[in-house]
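# Breakdown of the fold
One letter stands for each residue in the lines below.
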Amino acid sequence: MLLDIVTYPDPRLKEVCAPVLEVTEEIRRLAADMLETMYAAPGVGLAAPQVGRSIRMLVMDPTVQDGEKNPRVLVNPVLSLSGEEVRSEAEGCLSVPMNYRADVRRMSNVHLSAMDLDGNRIEEDLEGFPAIVLQHEYDHLDGILFIDKISRLRRSLYDSKVKKWLKRKTAA
């Protein structure tokens, strides 16, 4: 089932999410719906708060842009960042309206600890685009959007555009 994507400036996107205490059928169904929603959007990642659920779960598939499908569901992920700082060029987000994009500083390597939907531990090192996608989605679990990482001037200009867009949208 396709889910509604929560968009900025919705305050739910600023919440720090709670851990998933148990993988239930409801959590499995949510994960499946999140993947369906992510692919339909289309996107390469989606975190639970983006669909209005304040839990520490995300889905991602950085290979989909290459025409492949390798869906991942990560429950209660924990990241350790390493490597060098890199620039994620033209980063965007399904929750940031008007297809806004900006360059964001990210780390080149990530060590991931998480759980899958079967309760199995995942320990994995990622680099490159998958590491960037994971950092982006993980930020959502802590109430951080990529626009929180851009300069104050760029953010101020974007916020002004969003306010005007929302006014036009509600007036229509």
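Residues numbered from 1 in each chain as written. Predicted model: local features only at pLDDT ≥ 70, side-chain atom pairs only at ≥ 80, totals over all residues. Heavy atoms only, no water.

## Thoughts on helix H1 (residues 25-40)
We count it as follows: Numbered from the N terminus, helices here are DSSP runs of H or I no shorter than four residues, and strands are runs of E no shorter than two. To estimate the expected span of a helix, count its residues, drop one, and scale the result by 1.5 Å. For every residue, the accessible area obtained with a 1.4 Å probe (protein chains only) is divided by the maximum for its type, and the residue is called buried under 20%, exposed over 50%, and partly exposed between those limits. A contact between two residues is defined here by any heavy atoms of the two lying within 4.5 Å.
With 16 residues, H1 ought to run about 22 Å at 1.5 Å a step, and its terminal C-alpha atoms sit 22 Å apart, in line with that. Taken together, the buried positions of H1 are occupied by Ile27, Leu30, Ala31, Asp33, Met34, Leu35, Thr37, Met38 and Tyr39. Buried residues along H1 sit in contact with strand E1 (45-47), strand E2 (57-60) and strand E3 (72-91).

## Brief notes about the packing of aromatic side chains
Quick reminder of the rule: The criterion for an aromatic pair is that two Phe, Tyr or Trp rings (for Trp, the six-membered ring) have centres within 6.5 Å, with stacked assigned to planes under 30 degrees apart, edge-to-face to planes over 60 apart and tilted to the rest. Should the NZ of a Lys or the CZ of an Arg lie within 6 Å of a ring centre and within 35 degrees of the ring normal, that charge is described as sitting over the ring.
Under the counting rule described, the total for this entry stands at 3 aromatic pairs. On the numbers, 6.3 Å between centres and 20 degrees between planes, the contact of tyrosine 100 with phenylalanine 146 is stacked. Within this pair, whereas tyrosine 100 is found in the loop between E3 and strand E4 (102-115), its partner phenylalanine 146 is found in the loop between helix H2 (129-141) and helix H3 (152-171), the two being separated by 46 residues in sequence. Members of the aromatic cluster, joined through ring pairs, are Tyr8, Tyr100, Phe146 and Tyr158. The lysine or arginine in question, lysine 69, covers the ring of tyrosine 39, its NZ or CZ lying 4.1 Å from the ring centre.

## Let's talk about the sheet that holds E4
Paired through backbone hydrogen bonds, the strands of a sheet run either parallel or antiparallel to each other. As a reminder, the rule being used: Here, a strand pair is defined by DSSP locating no fewer than two bridges between the strands. Every angle, taken between N-to-C directions, lies between 0 and 180 degrees, and every axis is a line fitted to C-alpha atoms, over only the stretch in contact when it is a helix.
Taking strand neighbours across the sheet as the criterion, the 5 strands line up as E1-E2-E3-E4-E5 in an open arrangement whose pairing is antiparallel. Each edge of the sheet is formed by a strand with only one pairing partner; in this case those strands are E1 and strand E5 (121-127). The mean inter-strand angle of the sheet, taken between neighbouring strand axes irrespective of direction, is 30 degrees. Sheet topology note: the E1/E2 ladder contains 3 bridges and is antiparallel.

## A closer look at the side chain of serine 113
Structurally, the position occupied by serine 113 is in strand E4. Of the residues examined, serine 113 reaches a relative accessible area of 15% and is grouped as buried. Leaving out residues up to four positions away in the same chain, serine 113 has contacts with Asn76, Pro77, Val78, Arg121, Ile122 and Glu123.

## What to know about the layout of surface pockets
Test applied: Buried and open spaces are told apart on a 1 Å grid over the protein atoms alone, a cavity being a set of points where a 1.4 Å probe fits but cannot get out and a pocket being an open set with protein on both sides within 12 Å along at least five of seven lines. Residues with an atom within 4 Å of a point are the lining residues. Grid points are joined across faces, edges and corners, and a volume is the space filled by probe spheres set on the points.
Considered as a void within the structure, the largest pocket measures approximately 420 Å³ in volume. As for the largest pocket, its lining consists of 25 residues, of which Val44, Gly92, Cys93, Leu94 and Arg101 are closest to the centre. Counting residues per element, the ones that place at least two in the lining of the largest pocket are E3 and H2. Looking at which element gives the most residues to the lining of the largest pocket, the answer is H2, with 5 residues.

## Structural notes on the UniProt feature "binding site: Fe cation" (unreviewed entry) in the protein chain
The cut-off we apply is this: UniProt positions are given in the numbering used here, feature names are shortened, and annotations may be inferred rather than shown by experiment. Pairs of N or O atoms are called polar contacts if they sit within 3.5 Å, as long as, within protein, a hydrogen donor faces a hydrogen acceptor (for residues adjacent in sequence, only side-chain-to-side-chain pairs).
According to UniProt, the feature "binding site: Fe cation" (unreviewed entry) maps to Cys93, His136 and His140 in the numbering used here. In summary, the annotated positions, though distributed over 48 residues, converge in three dimensions, the widest C-alpha pair being only 10.3 Å. Taken from the residues named earlier, the lining of the largest pocket is made up of Cys93 and His136. With respect to the secondary-structure elements, histidine 136 resides in helix H2. Here histidine 136 falls in the buried class, since its relative accessible area comes to 7%. Here glutamate 91 takes part through its side chain, which lies 2.7 Å from a polar atom of the side chain of histidine 136. You can see histidine 140 is positioned in helix H2. Since its relative accessible area comes to 1%, histidine 140 is described here as buried.

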